[in-house]
Amino acid sequence: MRFVKRMNYLQDIQLFKYHSTIGWYLILITAFLAAPLVMGTYWVSLLILIGINIIVALGLNLVTGYTGQVSLGHAAFFAVGAYTSAVLTGKFGVSFWLALPASGVVGALVGIVVGLPALRLKGLYLAIATMGFGFIIEEIIVQWEPITNGVNGLSIKRPSLAAFSLASDKHFYYLVFPIVLLSVLVLKNLLRTSSGRAFLAIRDSETAAESMGINLAVYKTAAFCISAFYTGIAGALFAHFMRFIGPENFTILESISFLVMILVGGLGSVHGSVFGAVFITFLPEGISLSKDYLPTFIGQQAGLQAAVYGLVLLLFIRFEPLGLYGRWLKIKFYFENFPFYKKDTFRKVRKFHRTQKQ
Amino acid sequence: MTKEKKECSFFQVTDLSIQFGGILALEKVDLEVQRGEVHAIIGPNGAGKTTLFNCICRQYKADSGRIYFKGKEVSKLKPHQVVSNGIARTFQNIELFTNMTVMDNMLLGCHSKRQTGFFSDLVFWGKAQNQEIEFREKVEKVIDFLDLQAYRNRLVGNIPYGAQKYVELGRALVMEPELLLLDEPSSGLNMEETQDLAFSIEDIKMDLGITIILVEHDMRLVVDVCDTVTVLNYGRLLAHGRPTEVVKDPEVVKAYLGEEN
Amino acid sequence: MFIQQVINGLAMGCIYGLVALGFVLIYKATEIINFGQGDLMMIGAFLAFTCVNFLHLPFLLSLLIALVLMGFLGKIIDRFVLRPLVGEPAFAMVMATIAIGILLRSLGGMIWGYDTYKFSAGITDVPVRIGSWAVSSVNLWIMAITVLLIIVLYFFFNKTKAGVSMEAASQNQLAAYLMGIGVKKVFSNIWGISAMVAAVAGILLTPIQFLNYNMGFIGLKAFPAAVLGGFGSIPGAIVGGIIIGISESLAGIYLPRGFKEVFAWVILILVLMIRPEGLFGIHQKKRV
């Protein structure tokens, strides 16, 4: 077991509790920086997808995991970001380096609009409302042909930095990786200040949060706004990475898969967002790799991926509601308190459901 | 409302009424509290005590009536603005942020004092960092004041009920209010804890100079710590005065014990 | 033209209403919103389809078999998926129902393939003349069966002991439990009934739409219906469904292209912003 001797208040608000942790993270970052040098293109493109998913997961976790506002419409923000960047660079010849922040900002503006019903709605009603927004934006993309090219989709070019083209996946990776790092850092910062605590407070008890002087309207909108900004940025990166986007990339299923990501990873945790993104990106790859080894009548089913998806989700909700991050914490706890871990250390107390009808 | 009256009373409620469906939860209630007092509101269940608190904190919108605090009308504020005007409250059925530590819960009490915006929080450098340290100092002082050191880093949902009550009180104290509303602070506490609570309330009044209004059922606590008492029954004001006098008031006895035939 | 569209919308609205009814039943009792309701509908329709087309059973018998099987399916979902989750936050429950939806949809695809089928559900489509308008008999059947189902459910919930105990359990689980009502059994039955209602909706839908493993998505449109009616009100669900159905149908001819698909959602958002408790809902304040 390790103990921390608290000498000053600054120590309490550090990102890393122990010095050794900083070392581990530095090693990890170096490893990821070096990764494209030793990996094949397939793996690098997977890493890029993971990176994009991490940004979305961070954003969604802020609004759903931390603030407790379930959103079933994040694919819409993702779409808005993707199309903003695609249209700005493709149709108006704006530089990618301006289009990227612009797509974040446009995403955030849409986020504010979608966040407005959140001020009056609680829980599942909000989930349904955001789902509605998702459908509406999907339909706008289909119908607004002069800008979005409708169901035919848009082709997008990879950006370049001065004379240095980012056309290859390996180069694109070096664009995505710093953005992911920055996103993590900024969210971590936000979460250790009054604003971050206010988000958590809203999740746990709106009444008490209000009596702390937290303006629910401002904070809920802010959560949606920041979350949509993240998702918009991720959408722009996704568009330039895929080089082609169409409405079918941004359906309700995509929103659900984002939610699955944070649920499997761990609600309300930055680590969880990363774990979830990695897991969900690898899952389809893992399934297609294992197809050859499965009996034909299972392996050749077209619906296999969806089925595995649903099953994984159910198993996580049932057996590890805290997600991969919860599992990680338990394993860590086991080793840190080595002989003292008991089977029931993390057993949950069952409570009767308290009715809170609206 | 005359000017003279504004100056003399610290906290004043006039003519407050609120209706739920067909039920008059509060009917023309008046209340006056002087600076530095501990004032108790008592009454049978359903008398409208908590409703009165909810109206003061703007959780419910009163149908009519005004509330003045230090000569300023606070009955038109938004719920989140009440705190920055110097009124803090606790809840009857503890409303803590159950998935956070005691420390974080109390840090939230500092929220109304924050000076930074979202952008400086995102960067977390300079001002945001200093503010965070300042808040922590403030919370540590309250933790010392209420002897909560043992629980500092525990999840609030996992600590004993009595301690949770104290954390909620602490959270309200961190807000540095001038007026503190305590909703049944002793409910669910045992004799010993209630005794400690009485001392804490004395300390809050003496050392911190905070005016307190409390809703309470434990008459011993009321007689021990309170300077004045208001009795409510079915949303109406029944009696008002010093605790020892009020408990002898025949109307009050009737409301509590029923009529003798 | 106008009247024709209204009647088409009315029929479609009845189906939305029936799916919404499924949501409402489950929500009332268990406070779970079942995102898999549409997929239950799909399974129910396919079961009846299989009985008629592959086992060559008469339609009414097929309907009965489909209903019984769906009742069991509902109970199985409750027993093995949702009961172990009692006490988890609502979000987990919702995700569980989404997972059920995904599973059912892929299961449907695996069993019945990804093609689109035509299934007339024992109703022959003949135009019926009422005064000067020609109305499709399919639409009349849909409306008649919906009305019948509502009457049956109304009597069940208000007049029978089982129904009243369900109502009690939905209002206060703990109190109902202490009164000797088997809350688990009630939930299980509610899931069964809700799955059966979904099956009826699915079977009624097939004559006007096609049968496809993806038809569960139509069920999502029942959300606006349920919300409009005030989540938790049985007549509200049907009225909401009918309003959504008719306005959607009219939007298809009077508004520009694309509006028909999203009109239900536009209504939903407007309702949520203006009157979140819906037409028949009751607004309750949270006590502190």
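Rules of the game
Residues numbered from 1 in each chain as written. Chains lettered and ligands numbered in written order. Predicted model: local features only at pLDDT ≥ 70, side-chain atom pairs only at ≥ 80, totals over all residues. Helix = DSSP H or I, 4+ residues; strand = E, 2+ residues; numbered from the N terminus. Rg over C-alpha atoms; globule rule 2.2 N^0.38 Å. Buried ≥ 20, exposed ≤ 12 C-beta atoms within 10 Å, placed from the backbone. Contact = placed C-beta atoms within 7 Å. Domains from an automatic or database assignment. Nonpolar A, V, L, I, M, F, W, Y, C, P; charged D, E, K, R; others polar. Pairing = 2+ DSSP bridges. Axes fitted to C-alpha atoms, helices over the stretch in contact; angles between N-to-C directions. Parallel < 35°, antiparallel > 145°, perpendicular 65-115°, else oblique. Left-handed = near helix turned anticlockwise from the far one by under 90°. Expected span 1.5 Å × (residues − 1).

Peer 1: Explain the overall build of chain B to me, please; I cannot follow it from the model alone.
Peer 2: When its secondary structure is counted, chain B shows 10 helices and 10 strands. Its C-alpha atoms give chain B a radius of gyration of 19 Å, within 12% of the compact-globule value 18 Å for 261 residues. In terms of principal-axis extent, the alpha carbons of chain B reach across some 70 × 45 × 35 Å. In chain B, which comprises 261 residues, the share counted as buried stands at 45%. By sequence separation, contacts in chain B at least 24 residues apart represent 67% of the contacts at least 6 residues apart.

Peer 1: Looking at this structure, I do not really get the domain arrangement of chain B. What am I missing?
Peer 2: All names here are of chain B. Segmenting chain B into domains produces domain 1 (1-86 + 177-261) and domain 2 (101-176). Relative to domain 2, the C-alpha centre of domain 1 lies at a distance of 27 Å. Contacts between the two partners involve 9 residues from domain 1, matched on the other side by 9 residues from domain 2.

Peer 1: Hey, could you run me through the interface of chain A and chain C in this one?
Peer 2: In many reports, interface size means the accessible area that the parts give up when they come together. Counting residues at the interface gives 42 residues for chain A, matched by 43 residues for chain C. Grouping the constituent residues of the side of chain A that touches chain C by class yields 25 nonpolar, 11 polar and 6 charged.

Peer 1: What exactly am I supposed to notice about the interface of chain B and chain A here?
Peer 2: Of the residues lining the interface, 33 residues belong to chain B; the matching set on chain A comes to 26 residues. With 6 residues, helix α5 (residues 127-145) of chain B is the largest single contributor of residues to the side of chain B that touches chain A. Of the residues belonging to the side of chain B that touches chain A, the class tally is 16 nonpolar, 9 polar and 8 charged.

Peer 1: Please clarify how the sheet that holds strand β9 (residues 228-233) of chain B should be interpreted in this entry.
Peer 2: Strand pairs in the sheet, formed through backbone hydrogen bonds, run parallel or antiparallel to each other. Residues and elements named next belong to chain B. Spatially, the 6 strands line up as an open sheet ordered β6-β7-β8-β3-β9-β10, and their pairing is mixed. With partners counted over all chains shown, the strands left at the sheet margins are β6 (87-89) and β10 (236-241), one partner each. The sheet shows a mean angle of 20° between the axes of neighbouring strands, direction not considered. By the bridge criterion, 3 bridges tie β6 to strand β7 (residues 179-183) in an arrangement that is parallel. Within the sheet, the bridge partner assigned to Ile87 lies in β7 and is Leu179. Seen against the sheet, helix α7 (residues 191-207) touches β3 (38-42), β7 and β8 (211-215) and runs at an angle of roughly 150° to β8. Packing against the sheet, helix α10 (residues 250-257) makes contact with β9 and β10, and its axis sits at approximately 130° to β10.

Peer 1: I would appreciate a short explanation of the packing of helix α10 (residues 222-229) of chain C against helix α11 (residues 234-254) of chain C in the present structure.
Peer 2: When two helices pack together, their arrangement is given by the angle between their axes and by how far apart the axes lie. All names here are of chain C. As a packed pair, α10 and α11 sit with axes 7 Å apart at the nearest point and diverge in direction by 125°. Here α11 runs oblique to α10, going by the angle between their axes. In this structure, α10 crosses over α11, and the sense of that crossing is right-handed. In this structure, α10 uses Ala222, Pro224, Ala225, Ala226, Leu228 and Gly229 to contact α11, whose residues at the interface are Gly236, Ala237, Val239, Gly240, Gly241, Ile243 and Ile244. Here the residues of the contact of α10 with α11 are counted per class, giving 9 nonpolar, 4 polar and no charged.

Peer 1: Just to check I follow, could you spell out the pairing of β3(B) for this structure?
Peer 2: The two faces of the sheet receive side chains in turn, since in a regular strand these alternate between them. Residue and element names in this part refer to chain B. For β3, the buried fraction is high: 5 of the 5 residues fall into the buried class. Side chains Val38, Ala40 and Ile42 of β3 all project onto a buried face; the interleaved residues His39 and Ile41 project onto the opposite face, where all are buried too. Judged from the 4 bridges that link them, β3 and β8 form a sheet pairing that is parallel. Looking at β8, one finds that Val38 is bridged to Ile212. By the bridge criterion, 4 bridges tie β3 to β9 in an arrangement that is parallel. Looking at the pairing, Ile42 lines up with Val231 of β9.

Peer 1: Explain the sheet that holds strand β1 (residues 11-20) of chain B to me, please; I cannot follow it from the model alone.
Peer 2: Residues and elements named next belong to chain B. The 4 strands are arranged β2-β1-β4-β5 in an open sheet whose pairing can be described as antiparallel. The open sheet is flanked by β2 (23-33) and β5 (72-73), the only strands paired with a single partner. The pairing of β1 with strand β4 (residues 64-69) spans 5 bridges and is classified as antiparallel. Counted as the bridge partner of Phe11 is Phe69 from β4. In the packing of helix α2 (residues 49-56) onto the sheet, the strands contacted are β1, β2 and β4, and the crossing angle to β2 comes to about 70°.

Peer 1: Can you walk me through helix α8 (residues 183-205) of chain C in this structure?
Peer 2: Because each turn of an α-helix spans 3.6 residues, side chains separated by three or four positions in sequence point in the same direction. Between its terminal C-alpha atoms α8(C) stretches 33 Å, which fits the 33 Å expected from 23 residues at 1.5 Å a residue. With 21 of 23 residues buried, α8(C) is to be regarded as a mostly interior element.

Peer 1: What is the right way to read the environment of Val176(A) from this model?
Peer 2: Residue and element names in this part refer to chain A. Structurally, the position occupied by Val176 is in helix α8 (residues 169-191). Classification of Val176 as buried rests on a count of 24 C-beta atoms within 10 Å. Each C-alpha atom of the pair Val176 and Ile52 lies 7.4 Å from the other, and the pair is 124 residues apart in sequence.

Peer 1: Looking at this model, I keep getting lost on helix α4 (residues 90-112) of chain C. Mind explaining?
Peer 2: Residues and elements named next belong to chain C. Over its 23 residues, α4 extends 33 Å from the first C-alpha to the last, a length consistent with the 33 Å expected when each residue adds 1.5 Å. The element α4 is extensively covered by neighbouring structure, given that 17 of its 23 residues are classed as buried. At the C-terminal side of α4, Gly113 shows a positive phi close to 80°.

Peer 1: What am I meant to see in the pairing of β1(B) here?
Peer 2: All names here are of chain B. Pairing of β1 with β2 involves 7 bridges; the strand directions are antiparallel. Its bridge partner being in β2, Phe11 is matched across the sheet by Val33. Turn length for the β1-β2 hairpin, with the two strands adjacent in sequence and antiparallel, is 2 residues, and the turn residue Gly21 shows positive phi of about 60°.

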